[in-house]
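The chain contents come next:
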There are 2 protein chains.
Amino acid sequence: MSALRFEIEKTCPETGARAGLLHTAHGTVPTPVFMPVGTQGTVKALTPRDLQHDLDAKIILANTYHLFLRPGHERIERLGGLHQFMQWPRAILTDSGGFQVFSLDSLRKVTDEGVLFRSHLNGDPHLFTSESTVDVQLALGSDIAMVLDECLPYPTTFEAAEKSMRRTIRWAQEGYAHYRRREKGLHCALFPIVQGSMFPPLRRACTEALLELDAPGYAIGGLSVGEGRELSQEMVAVTAPLLPQDRPRYVMGVGMPEELPLYVAKGVDMMDCVLPTRNARNGSLFTSEGKLAIKQARFMDDNGPLDPLCDCYTCRTFSRAYLRHLFQAGEILFSILASLHNIHFYLNLMRGMRKAILEGRFPAYLERCAGSVVVNF
Amino acid sequence: MSALRFEIEKTCPETGARAGLLHTAHGTVPTPVFMPVGTQGTVKALTPRDLQHDLDAKIILANTYHLFLRPGHERIERLGGLHQFMQWPRAILTDSGGFQVFSLDSLRKVTDEGVLFRSHLNGDPHLFTSESTVDVQLALGSDIAMVLDECLPYPTTFEAAEKSMRRTIRWAQEGYAHYRRREKGLHCALFPIVQGSMFPPLRRACTEALLELDAPGYAIGGLSVGEGRELSQEMVAVTAPLLPQDRPRYVMGVGMPEELPLYVAKGVDMMDCVLPTRNARNGSLFTSEGKLAIKQARFMDDNGPLDPLCDCYTCRTFSRAYLRHLFQAGEILFSILASLHNIHFYLNLMRGMRKAILEGRFPAYLERCAGSVVVNF
């Protein structure tokens, strides 16, 4: 039996948006879902009980690259796996570490064998291969692991993108073969990643090759690398319809709140992004009235809630004036309250979309989003 | 009727330690009590719900100097007062701001009129007077305010200490007169502060003069300024017996966990210190086995709880290995979990002392502390 079972509850006939249930070894995840990012084994500034009881997150993402370097995947395995280590009882998806390594521009060398890179912590050399990144993720005990892929910067030439895409396919095949030898009893699913830069023919060719792996889910990677938003949307529009209808589709590293409905409308089930937590720490808050920069002087005497339509702990409890004060004073409590709110905003947005799909009114929902950067339903 | 009522439940006949109830306009505070410090209107890294529901803190301290400068006491008053601003429904004690101003060595000038100083934020000049600091604290809406006092560095000459002590008395008298004109309906108590550096005759003279104010409580200030611990204890031993038996006694700015029982044994009812929260953020944790530096390599693979005898959220939930990882990785969650634990340790220590006094076994409790830096009962 697969470690992962995806059940589609309803598909929007007009758009292809789906509401489903992703059954993992650590609980069921209603989709479409946004996964908060817990890079170093913690969703920044939040306790697991905040995430579970306040926010009701069902799945989070952790970064293999960071955990591999510190505290080390073998240590985490000895300590009982990542769920036990960070005391997160629900589902965890890990990336392969590839994306992070490719961000270490000067520190890496890519060959067919894998990616040679230097730790950003101490300069130690390490090699990630298609097989080793599977091993690292199995040691972490992820519910959903990702294959190693090559993520190119934008723009790039067709030739470079094709060569890289071929390498990504080869790595996926190698990683999958290795995974099939090792996965038994580990309850870990492995997703291949569609690459191909911004070239539709390459995206199609990559998808076709990866379908042969018969994976329980597929990701679309290589987006949010500097291209325009229309281009990211176009690549997803090209790729998603080619992916199996009955498997979850995951667009990696997106996006802004107003983009999420557009991906969902293209049949995407899973997304992740550091935006809600990173923006939170920088004082940029997502509200039903749009993005709000809490440092602005106009909030100094504002005794109202951050977002009058939000029912998170932050909005139920504190004033904008207090939040602004905490931000100006550099207080940790600001990061806590802002992260709590921004994650709530994202998760609530997804819950709203899911409800709209289930109730057969997703097209109307989408229409209300159109031409607005404010997403609030 | 006074804004504050102190009820002594039991006095230890051997030591003079007292268990009592301090009734404020924002709830009853069982004593002896340790007050967590919320300098800028937040106990660093903790939410009010953590403080209230997890830690059951009954009173916290806020710093007038910081709130005066940012966001401003008048703003806080307009926004409904400090309790409303920070959403802390229980008692708040504010210092007068004097101690902080006296730490701004190069930025201040003391005259009989008050303390002229420059903001550490933007260099703006400000004057704190015996009357203005009362006004600021009334605007904040403190349950317990402190008079302006001059806090000398250690060591100092007898002559300088005497002159300063006279000024502190005069400021207390002026502050009190002003307070009596303004306090009606504000439910704010005002405590004078005994000064006198490390000279017992000055401490006695200061106490005698301040008793004429017939205040509902008295503080002993000017300690923890670089003198040895024996000297701080001696000054409290000299002063406390001269203070009214039926009023709360507050020793400002102390101390290490092993010092607290010694103060309580001298009849002290209230204490405050930044140590538990500041040490927490620096990775220094108080446990039943003594102080623990979480960064030590020996905790890397330690799957046990931080303190096996502690029942706080941190100790109930996470391993030392995870806490060390969070600390090494610079994660905000470390500050949260460590602050939660250290404050719990202090509050629990006080609860244990209170119980020992109420049950008539405080002398035995003290004996178990003697010669040990580990306080765990």
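Basis of the calculations
Counting restarts for each chain, with residues numbered from 1 along the sequence as it is written. A letter from A marks each chain and a number from 1 marks each ligand, given out in the order of writing. This being a predicted model, a pLDDT of at least 70 is required before a residue's local features are given, and a value of 80 or more before pairs of side-chain atoms are given or counted; all residues contribute to the totals for chains, interfaces and linings. Strands here mean DSSP runs of E at least two residues long; helices mean DSSP runs of H or I at least four residues long; both are numbered from the N terminus. Here the radius of gyration uses the C-alpha set of atoms, whereas the globule reference equals 2.2 Å times the residue count to the power 0.38. Counts of 20 or more other C-beta atoms within 10 Å of a residue's own C-beta define buried residues, counts of 12 or fewer define exposed ones, and intermediate counts define partly exposed ones; C-beta atoms are placed from the backbone. Here the contact rule is simple: place C-beta atoms from the backbone, and any two residues whose C-beta atoms are within 7 Å are in contact. Any two strands with at least two DSSP-identified bridges between them are counted as paired. Just so you know the grouping, Ala, Val, Leu, Ile, Met, Phe, Trp, Tyr, Cys and Pro go in nonpolar, Asp, Glu, Lys and Arg go in charged, and all remaining residues, Gly too, go in polar. On a range of 0 to 100, pLDDT expresses the predictor's confidence in each residue. The axes are straight lines fitted to the C-alpha atoms, using for helices just the contacting stretch, and the angles between their N-to-C directions are given from 0 to 180°. When describing relative orientation, an angle under 35 degrees is termed roughly parallel and one over 145 degrees roughly antiparallel, while 65 to 115 degrees is termed roughly perpendicular and anything else oblique. Crossings are sorted by hand: turned counterclockwise from the far helix by less than a right angle, the near helix makes the crossing left-handed, and turned clockwise it makes it right-handed. In this analysis, the expected span of each helix is defined as 1.5 Å times one less than the number of residues it contains. Directions pointing from the helix axis toward each C-beta atom define the arc. Least-squares superposition aligns the copies on the C-alpha atoms of those residues with pLDDT at or above 70 in both.

The number of helices and strands found in chain A is 15 helices and 17 strands. The C-alpha radius of gyration computed for chain A amounts to 20 Å, which stays within 12% of the reference 21 Å derived for 377 residues, consistent with globular compactness. Looking at chain A as a whole, 55% of its 377 residues are labelled buried. When contacts within chain A are restricted to residue pairs at least 6 apart in sequence, long-range pairs at least 24 apart make up 69% of them.

Residues and elements named next belong to chain A. Sheet architecture is open: five strands sit in the order E4-E15-E14-E13-E12, paired in parallel fashion. The open sheet has two free edges, formed respectively by strand E4 (33–36) and strand E12 (193–194), since each of these has just one partner strand. As defined by bridge partners, strand E13 (residues 218–220) adjoins strand E14 (residues 249–251) across three bridges and the pair is classed as parallel. When the sheet's bridge partners are listed, Ile 220 is paired in E14 with Val 251.

All names here are of chain B. Mapped onto the elements of the fold, Arg 204 is located in helix H8 (residues 200–211). Taking the C-alpha atoms as reference, Arg 204 lies 51 Å from Ala 329; in sequence the two are 125 residues apart. What Arg 204 contacts, discounting residues up to four positions off in sequence, is Val 238 and Leu 242.

As a further point, take the interface of chain A and chain B. At the junction of the two partners, chain A supplies 31 residues and chain B supplies 31 residues. No other element matches helix H13 (residues 320–328) of chain A, which puts five residues into the side of chain A that touches chain B. Split by residue class, the side of chain A that touches chain B holds 14 nonpolar, eleven polar and six charged.

Below, the discussion takes up the confidence of the model for chain A. Mean pLDDT over chain A: 95, with 97% of residues reaching 70 or higher. ipTM for the predicted complex: 0.97, alongside a pTM of 0.97.

Attention now goes to the environment of Gly 72 of chain A. Here Gly 72 of chain A lies in the loop between helix H2 (64–69) and helix H3 (73–78). Taking the C-alpha atoms as reference points, Gly 72 of chain A and Glu 367 of chain A, separated by 295 residues in sequence, lie 47 Å from one another.

Moving on, we come to the packing of helix H13 (residues 320–328) of chain B against helix H14 (residues 332–358) of chain B. All names here are of chain B. Their axes nearest at 7 Å, the elements H13 and H14 cross at an angle of 130°. Accordingly, the angle class assigned to the pair H13 and H14 is oblique. Here H13 and H14 pass one another in a crossing that is left-handed. Counting all contacts with H13, which are made through Leu 323, Leu 326 and Phe 327, the residues of H14 involved are Leu 333, Phe 334 and Leu 337. Looking at the contact of H13 with H14 residue by residue, the classes come out as six nonpolar, no polar and no charged.

Residue and element names in this part refer to chain A. Strand order across the open sheet formed by three strands is E7-E8-E9, with antiparallel pairing between neighbours. Strand pairing shows two members of the sheet lacking a second neighbour, strand E7 (108–111) and strand E9 (125–129), which therefore form its edges. Averaged over all neighbouring strand pairs, the angle between strand axes comes to 15°, with direction disregarded. Both E7 and strand E8 (residues 114–118) contribute to a ladder of four bridges, which runs antiparallel. Counted as the bridge partner of Arg 108 is Phe 117 from E8.

Our focus in this paragraph is helix H8 (residues 200–211) of chain A. Residue and element names in this part refer to chain A. The terminal C-alpha atoms of H8, which comprises twelve residues, lie 16 Å apart, in line with the 16 Å expected from a rise of 1.5 Å per residue. Within the span of H8, buried status applies to Leu 202, Arg 203, Cys 206, Thr 207 and Leu 210. An end-on view of H8 places all buried positions within 135° of arc, on one side of the element. Exposed residues lying more than 90 degrees from the buried face of H8 are Pro 201 and Glu 208.

Looking now at helix H9 (residues 229–239) of chain B. Residue and element names in this part refer to chain B. Residues of H9 that are buried include every one of Ser 232, Met 235, Val 236, Val 238 and Thr 239, and no others. For H9, the buried positions fall inside an angular range of 160° around the axis, keeping them on one side. Where H9 is buried, its residues contact strand E12 (193–194), H8, strand E13 (218–220), strand E14 (249–251) and helix H10 (260–265).

Residue and element names in this part refer to chain B. Examined against the element boundaries, Asp 302 turns out to sit in the loop between strand E17 (290–293) and helix H12 (313–317). Take Asp 302: there are 17 C-beta atoms within 10 Å of it, and that puts it in the partly exposed class. Considering only alpha carbons, one finds Asp 302 and Pro 125, 177 residues apart in sequence, at a separation of 52 Å. Discounting chain neighbours no more than four positions away, the residues touching Asp 302 are Ser 319, Arg 320 and Ala 321.

Another aspect to go through is unusual backbone geometry. Residue Thr 31 of chain A is joined to Pro 32 of chain A through a cis peptide bond whose omega torsion reads 5°. Inspection of the secondary structure puts Pro 32 of chain A in the loop between strand E3 (27–31) and E4. Residue Gly 255 of chain A follows Val 254 of chain A across a cis peptide bond; omega there is 5°. The topology assignment puts Gly 255 of chain A in the loop between E14 and helix H10 (260–265). Phi at Gln 87 of chain A takes a positive value of approximately 55°, unusual for a residue other than glycine. Within the fold, Gln 87 of chain A resides in the loop between helix H4 (82–86) and strand E6 (91–94). Although it is not a glycine, Asp 214 of chain B sits at a positive phi angle of roughly 50°.

With that out of the way, let us pick up the packing of helix H6 (residues 132–140) of chain B against helix H7 (residues 158–182) of chain B. Residue and element names in this part refer to chain B. The geometry of H6 relative to H7 is characterised by a closest axis approach of 9 Å and an angle of 40° between their N-to-C directions. By the angle class used here, H6 and H7 are oblique. Crossing angle aside, the handedness with which H6 passes H7 is right-handed. Contact residues: H6 offers Thr 133, Val 134 and Leu 138, while H7 offers Gly 175, His 178, Tyr 179 and Arg 182. Here the contact of H6 with H7 is built from residues that sort into three nonpolar, three polar and one charged.

Turning our attention to the relation of the copies chain A and chain B. Of the two same-sequence chains, chain A is brought onto chain B (RMSD 0.0 Å, axial shift 0.0 Å) by a rotation of 180°. When the rotation and shift are considered jointly, the pair of chain copies conforms to a two-fold rotation axis. Within chain A, the C-alpha atom positioned nearest to the axis of rotation is that of Ile 332 of chain A, 3.7 Å from it. Same-surface contact between copies: 100% of interface residues of chain A are shared with the interface of chain B.

Another aspect to go through is the pairing of strand E17 (residues 290–293) of chain A. Looking along a regular strand, one sees the side chains alternate between the two faces of the sheet. Residue and element names in this part refer to chain A. Pairing geometry for strand E16 (residues 284–287) and E17, over four bridges, is antiparallel. By the bridge assignment for E17, Leu 285 is matched with Leu 292. From the end of E16 to the start of E17, which pair antiparallel, there are two residues.

Residues and elements named next belong to chain A. For strand E2 (residues 18–24), the tally of buried residues reaches five of seven residues, placing the bulk of the element in the interior. Strand direction decides the pairing type here: strand E1 (residues 5–11) and E2, joined by six bridges, are antiparallel. Bridging from a neighbouring strand, Phe 6 pairs with Leu 22 of E2. Taken together, E1 and the strand that follows it, E2, pair antiparallel across an intervening segment of six residues, in which Gly 16 is found at a positive phi of about 95°. Where E2 meets E3, five bridges bridge the pair, whose relative direction is antiparallel. Counterpart to Thr 24 in the pairing with E3 is Gly 27. The turn linking E2 back onto E3 is made up of two residues.

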